[in-house]
Each structure stands twice: as structure tokens, then as C-alpha cells.
There are 2 protein chains.
Amino acid sequence: MYKNVAGEIIAIGDELTCGRVANTTSRLAARKLFLLGYDFAVMQCIGDDPALIGRTLRGALEHADFVLVTGGLGSTDDDLTTAAAADALGLGTKSHPVLAMRLRERLAAEGRDFDLPLFSRFAVLPEGAEPLDMEGRMAGYLLEHRGKPIWFLPGVPSQMAVLLEDRVIPELQGRFPQPPLRQHLYHSCGLPELDINARLKALAGRPGLHLGYYPIGFNVDVSLTLRGGSAAANEALFQEADSLIRARLGAHIFGESDDSLPEVVGRLLERHGKRLVLAESCTGGLLASSLTAIPGSSRWFEGGAVVYSNRLKERVLGVPKDILDHFGAVSRECAAAMATGALARLGGDIAVAVTGIAGPTGGSAEKPVGTVYLALAAKNGSGPQVQLLHLHGARAEIQQQTMQRALDTVRRALISTA
Amino acid sequence: MYKNVAGEIIAIGDELTCGRVANTTSRLAARKLFLLGYDFAVMQCIGDDPALIGRTLRGALEHADFVLVTGGLGSTDDDLTTAAAADALGLGTKSHPVLAMRLRERLAAEGRDFDLPLFSRFAVLPEGAEPLDMEGRMAGYLLEHRGKPIWFLPGVPSQMAVLLEDRVIPELQGRFPQPPLRQHLYHSCGLPELDINARLKALAGRPGLHLGYYPIGFNVDVSLTLRGGSAAANEALFQEADSLIRARLGAHIFGESDDSLPEVVGRLLERHGKRLVLAESCTGGLLASSLTAIPGSSRWFEGGAVVYSNRLKERVLGVPKDILDHFGAVSRECAAAMATGALARLGGDIAVAVTGIAGPTGGSAEKPVGTVYLALAAKNGSGPQVQLLHLHGARAEIQQQTMQRALDTVRRALISTA
């Protein structure tokens, strides 16, 4: 039998309660643990106030099976978590001998002095607490109070993420095994949420099965969760639902789990031995930036031109002046000429060109804000293929949707030639 | 005399506690109210659970002077806030007659039927609650409990922001006038946090004055807050501190309040009648993207080349093959040739070129990851000026810091020619 386990998160820091910094650590922890079957009933942000820290911690221990506390573990004067927590639980604090020794050794090797308060305070923990990183590279410890684990973690999101993954999750799963949960995430592009919903209607209302829809511009993430049955029953239901989702959404699914659209496009380009070039006007470098954010993108990304002015469209890509004069920069003809010009002048195997009106100004009755032409050209292929998009939203949204559609167009071209 | 006023925020929704959606409404409210002198001691996120909603609301009313509750006010089955809150406070619920009438009229005009539960539920409030939008375009009401105001607001961030600004803040300021508060935000680039700290040492420990430092890559935001004195005393102290900050940080300050570095660079380019061109290698379009995110950037941004491959550096910018062979793409010589090539081939008045190793791979003992050359060239100017940067962090951080330094270099060049 499994016990229903609920945790609480307490994030500590004045920078959170005054709204200056977004509380990303709590969301990250909640997401990770939710996917493993642990619920958080309550997530709190509180300021650096010892009495409040104590009251909140005691309150959480009344209701929760485990508690995560983040922030306020450093060595400066506004780091009050350790003293406040020890006080609230009726414990003293003392220097952890092993942690102090390791830290002293490591600092000595770097020519620094452990006995400075800045460093020595770091090893001072509530009595009975066990450090999570015995080398002292990151703050954090586990303290058990009346059978309930309390993890104290750093407020720095990257450090917190490492300790959560390496130390908290394995210990939590050992202490509170959860019923089998089967979950999968599908990433789609090109089909509106309502259409996806209609295509997956056969799965609606199936007991133990939950579908979630999360649109982000042109992309819609679909989550499939199986819960409540045995591992075998969940797996059988998963196989059935997974087959149906794949059959109904087909090539609209561009990836799964942690995949991103730029990564998927990069992998496809590499697999096909093709190099991509870009000719960007209204996206202004966003498309290139999304691709070069990926490590190793030089293997399949040649480069691009951000041809914001008409002069550069002529000069760098060789778009004929006639086209610009006659049809304008935002036209089917210009997009096509940009794509063929990028292939001819920049090289590469596949070229994508985008030109449009991202707004907020620059629109007209004939070509309102959100009018975007997108062209794809391939070396040795037939002439460029041009799409006209009518997009809505603020400037950033129009640029993002154009980027998604451009990447998805490359993806679909590559899988259709497979 | 002013009373020290502390509020609590309770954000309700399973999508928040499972980490799927970031809780942006609480941060927004905290930021707005903090700047007006209201503190939030506690910000909570809780799931759609009536017992928990009731318990949390009662707990908040014990400690706080006012409470903001967001989310769960819609008309679907998982919107439980109104019933749970009424229950927790020992109140019944009933249809608000004026709201119901107005909503009925508005829906009738649109050919829709108020008596559908979807609409009629919308007018059902706890006894004694007053709707914040009597036309019923947005959910939300004010309920007073034992002299403490509780504002129930929609979870949709844009609606919440409107009601906060138009209804909550004026009422809050009427009920709990706050002592005068004077606050200002300075944005700096190029000086490490510790150096800024040292330069502003004269202000440390001044009663009623608080300095905050918030580094983001190469940028450091400095906040100055004056609190506790009369409006006149705060203003006098502000003038003194403001003069000192400006004198000590000088040209390191690039902007104030809502300014961003790309916007400041754009305004300077426009004011000087100069057009910028870019030659990006390791930033891969990020620099162009940060500039073209700004509406109207076509007035001062000509365009750029994302020359990711060596072939494109030659082909688009005319970087001599000798330089690439002899010094490599990540070299002082290549950066200089990229900048002069961008000016010659792309046009414009000022060119910035960046070439470096963003990682995680590609580094060597001689040129480790984070080695970046940045060149600036101006039309009719002397030869290009090249900087060597040694950056640290993940790929995205190295790209971001390179972008900041590049923009700041353009900014400093423009103000020095003023």
C-alpha cells in the first residue's frame, strides 16, 4: 500500500517577497516532484525574518510529510535560515566536523583561510543536520524532525537543481515510494489546441488517464498521465493511448519529453547531412539565435543574414531592386528571392527566409501587422516554396510564431525527404 | 502617524502547485505594492482544495492587515475559491443583484443567455462582497472581514493587473496611507558589483537610506530607497545620494527605471543619426535579436551577418583566408577584419563584430571556452578597436555577457563622440 504524500516548499528571501526576483526554484522543484508522483499542497515565499521563518516551518511540519526550504543559507548577514530553523525546532547549531575539515582543506589548497567568518559560518548547521555536499561547494543539509525530513537547499536555482536531483529525489523515493505513474509529453506544432482535442476525443474520460494541453504560440504540448492503476495496467493503457496519439497527430508531433523544436531541426539536419542558412527580416536574428543556442550547432548551421533594411536585402542577398520597388519587402516575391539569394550567396543546402510586419507600427489595410511571408529553398530543388501567414499578438509573439513556423517548415521538409 | 502595514497573497490553482505554470501574478502584485510602501510578509501558492483554501485564508487573516487572493474565480468546476472562502468565513453566497442584472443585459445584447450556469455562477459572491467590475467583464470582488479587506482577483495575469491598478491600489492607499517612499533604479554596465559597492561606501549605513545591488551578467542594477523620513527629508536625502551615485558611477550608468541596454543603444544611435551593422559569430544572432525586439529598430539598425562558419566569414564579410588560416577565427585579427568587412560590405556607420568560443566544447589550453574578441569599427574612423574578453559560465551566459559588452561598447563610443 502506498501512502498519499504531500510536501510543502518554503522559499526564503526578501528579494522574492518584494517581487524583484521571480521564484523559479519552487516551480522547478514542484514540476520535478509532481512528475514523480509527489504533490505540493502549499508553496510559500517569505521574507528574511527569523520569527516568520520559524512560524512558517512549524506550520508546514504540522501538515506536510516533508518540507523543502530554499534560500538564506549563505554566509552573509541576511542569511538567517539556519539560525531561525534551529531556534524554531528547539535545536542548537554547531560546526559540522567533517564538513568543516573538508572545507578547510579545500580552501587551504586555494590559499584561502577557513577561519574567516565568511567561510567558517558555512559549516555551522542545526544539531543533527547532515550536509548534502560534504565538500562544501554548495550549501544545503537534511534535518529530520519527528520523523519528517526537511531539506534545506540553496536559493541559487542551478545549485538547488543539482542537489534536488542528486540528493533529495533519491532519498525521497526511498522514504516514500509512490504508486506507479506513467507520464509522457508530446510536442506538436501546426495544429491548434481545439483540433488536437477533437482528434484525441476517444481518450477523453477514460478512468485513470489524463490529457493536458499547453499551447505556446504555434506549439502545443500534450501531456499524457496514467495514474491509479498497477504498473502493468498503467503500461497497457499507456501503450493504447500512445498509439492512438501518434496515429491521430502524426507528423504534427515534432518531439517528446525534453526535445525542443530547434534541437529537433538540428538533429534532422545533421542526420541528413544538410547545412542550413537563414535570411531573416522581421525575426531579426531570433531564428539564428534559437539555433545557435544549441551546443554543436556549427555542425549543421552555416549562418545567416539579418537583412533588416531593403538595401541589405539587395546587397547581401541579391534581391532584385525591381521586386522591392514593385512588390515591396513584405511580399511573396521578396521572400522567394531572399531564400534563393541566401542559397546562392551564402551557400548551404537549405535556406529559410522570412519577411513580414512584426509591428506595432508599419502595417497597412492591405498588409496589416502580422502579415509574414516565409520561403524555403533547397539546393538542387524545385523553386522556393512560399507560405503567407496571418499572425496575431504583440511584436514578440509575432516574431516567436514566425520562428516556430519557419523551424517547423524545415522539419517537415526534411522528414518528407527521408 | 503611519501604521506598518503587511499583506499576504494567496494564489490558488493546481497548475501552480504542480509547477506547470509560473506564478507571475503574485510577483507582479508584490512588485507594484512594494514600490508603494506595502510589504508582503508571505506569498502562498496552494492547490484547488476547498479545505486548504479555507485554512490558508483564515491563517492569513490572523497575521496580515489585508489579503489578496488570486485564481479560482471562474465558472468551471475547478473554480472553488468563492465557495471555499465563504465557507471559511461563515458566510453564505448569493447572486449579486446589480452584477447579475448588468451581466444579463450585456449577454442579451450579444445574444447569449445569462441563465446558463456558465454565466449565472459568475454573479454568485460571498454575502457582503462588492464586485470590482460591475459590468462583469472580469471576475473579482472585495470582501471585508472583521475590518480587514480581502481582494479576490482573477488568476489571469492581464486581468489581475488591471484590477490591481484601478481598484485595489486606490482603495488600499485610502485605507492604509503609507509614509513617503522615494525610490530610484540605476542600470550600470562594466563595473563589478564589489567595485560599485566600494565607490558608494559613503552612503552605507545612512539612516533611512537603502542601496540594493542586483547583478545580471555584466549589468548591475543599483536601487536607491529612501524611507522613514518626511517627503521633504526623503527628497533632500535622495538629491544628495543621487548626485553622489551619478558622480561616482559616471558613464558606467547606462540607464534608469525601465531602460534596457538595447533601447538605450537604439536611442543613442538615432540621436546621432548613425546606423549599426553587426557581424556575429559566437553570439549567433542574439545581438541582432536583442535589438530587433525593439519596435522601430529599423530606424537605426541596418542588419547583420551571422557568420557561423569560416566560409561565411570569408564570403559575406571578406575576412582574408590568410587571417583565418594563420590566426584562426577566434583572434584579434579576425574580429578586426569582421568589423571592417561588415562596414565595407554591409554599409552602416558603426560595426560591431564578435567571435569567440561559447562552449561547452571547442576550447583549448590556449583559447579556453569563454575567450571572446569584440571589435568596433566606425565609418571614417581610425582602425577597428578590439577587446579580448575572458568570460565564465554556461554557453547561454557567455553569449549573454558578450551581447551586453558589445552593446555597452557601442554605447560608450557614442557618448564619447557626443
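Everything here concerns the structure above.
My aim in this report is to walk through the structure given alongside it, one point at a time. Bear in mind that the values here come from a model prediction, so they are computed numbers and not experimental data.

Moving on, we come to the overall build of chain A. A tally of regular secondary structure across chain A gives 15 helices and 17 strands. Taking 2.2 N^0.38 as the reference for a compact globule, 418 residues should give roughly 22 Å; the C-alpha atoms of chain A span a radius of gyration of 27 Å, well beyond that estimate. Principal-axis analysis of the C-alpha atoms gives chain A an extent of 80 × 55 × 40 Å. Looking at chain A as a whole, 53% of its 418 residues are labelled buried. Once local pairs closer than 6 in sequence are excluded, the contacts in chain A between residues at least 24 apart make up 67%. Within the structure as shown, chain A displays about 17800 Å² of accessible surface, and the carbon and sulfur contribution to it stands at 54%. Here chain A holds 42 positive side-chain charges and 45 negative ones, and the gap between their average locations is 6 Å.

Moving on, we get to the relation of the copies chain B and chain A. Note on the identical chains: chain B maps onto chain A by a rotation of 179° and an axial translation of 1.3 Å, with an RMSD of 1.5 Å. Expressed as an axis order, the relation between the two copies is that of a two-fold axis. Interface overlap between copies: 100% of the residues of chain B at the interface are likewise at the interface in chain A, consistent with a symmetric, same-surface contact.

A word on unusual backbone geometry. Residue Gly359 of chain A is joined to Pro360 of chain A through a cis peptide bond whose omega torsion reads 0°. Mapped onto the elements of the fold, Pro360 of chain A is located in the loop between strand E15 (350–356) and strand E16 (371–378). Even without a glycine there, the phi angle at Ser257 of chain B is positive, about 50°. With respect to the helices, strands and loops of the structure, Ser257 of chain B is situated in the loop between strand E12 (253–256) and helix H10 (261–272).

All right, on to the environment of Leu388 of chain B then. Mapped onto the elements, Leu388 of chain B comes out in strand E17 (residues 385–390). For Leu388 of chain B, the residues in contact, after removing those within four places along its chain, are Arg332, Thr371, Val372 and Tyr373 of chain B.

Next up on the list: the nonpolar core. Core analysis: the biggest nonpolar cluster contains 68 residues, and Leu276, Phe301 and Val352 of chain A together with Leu276, Phe301 and Val352 of chain B have the highest contact counts within it. Not counting residues within four places of it along the chain, the set of residues in contact with Leu276 of chain B comprises Leu269, Leu291, Trp300, Phe301, Glu302, Gly303, Ile350, Val352 and Val410 of chain B. Ranked by size, the runner-up nonpolar core spans 56 residues in total, among them Val319 and Tyr373 of chain A together with Ala351 and Ile357 of chain B.

Mapped onto the secondary structure, Asp221 of chain B falls in strand E11 (residues 219–227). Buried charge without a salt bridge: Asp221 of chain B, with Arg20 of chain A as the nearest opposite-charge side chain at an N-O distance of 7.2 Å. Within the structure, Asp221 of chain B has its side chain in polar contact with the side chain of His187 of chain B (distance 2.7 Å). Setting aside residues up to four positions removed in sequence, Asp221 of chain B forms contacts with Leu185, Tyr186, His187, Gly212, Tyr213, Tyr214 and Ile216 of chain B.

Right, let's talk about the sheet that holds strand E7 (residues 141–145) of chain B for a bit. Strand-to-strand pairing in sheets goes through backbone hydrogen bonds, with the strands running parallel or antiparallel. Reading across the sheet, the 12 strands line up as E6(A)-E7(A)-E8(A)-E3(A)-E1(A)-E2(A)-E2(B)-E1(B)-E3(B)-E8(B)-E7(B)-E6(B) and stay open at both edges, with mixed pairing between neighbours. The strands lining the two open edges of the sheet, one partner per strand, are strand E6 (130–131) of chain A together with strand E6 (130–131) of chain B. Inspection of the sheet shows strand E1 (residues 6–12) of chain B paired to strand E2 (residues 39–46) of chain B by 7 bridges, in the parallel sense. If you follow Ala6 of chain B over to E2 of chain B, its bridge partner there is Asp39 of chain B. Across the sheet, helix H2 (residues 24–35) of chain A is in contact with strand E1 (6–12), strand E2 (39–46) and strand E3 (66–70) of chain A; its angle to E2 of chain A comes to roughly 170°.

About the criteria used
Residues numbered from 1 in each chain as written. Chains lettered and ligands numbered in written order. Predicted model: local features only at pLDDT ≥ 70, side-chain atom pairs only at ≥ 80, totals over all residues. Heavy atoms only, no water. Helix = DSSP H or I, 4+ residues; strand = E, 2+ residues; numbered from the N terminus. Rg over C-alpha atoms; globule rule 2.2 N^0.38 Å. Buried < 20%, exposed > 50% of the residue type's maximum accessible area, 1.4 Å probe, protein only. Contact = heavy atoms within 4.5 Å. Areas by Shrake-Rupley, 256 points an atom, 1.4 Å probe, with all protein chains shown as cover. Lys, Arg positive; Asp, Glu negative; His and termini not counted. Charge placed at Lys NZ, Arg CZ, Asp CG, Glu CD. Least-squares fit on C-alpha atoms with pLDDT ≥ 70 in both. Core = buried A, V, L, I, M, F, W, Y, C linked by side-chain atoms within 4.5 Å. Salt bridge = Lys/Arg side-chain N within 4 Å of Asp/Glu carboxyl O. Polar contact = N/O pair within 3.5 Å; in protein donor to acceptor, adjacent residues only side chain to side chain. Pairing = 2+ DSSP bridges. Axes fitted to C-alpha atoms, helices over the stretch in contact; angles between N-to-C directions.

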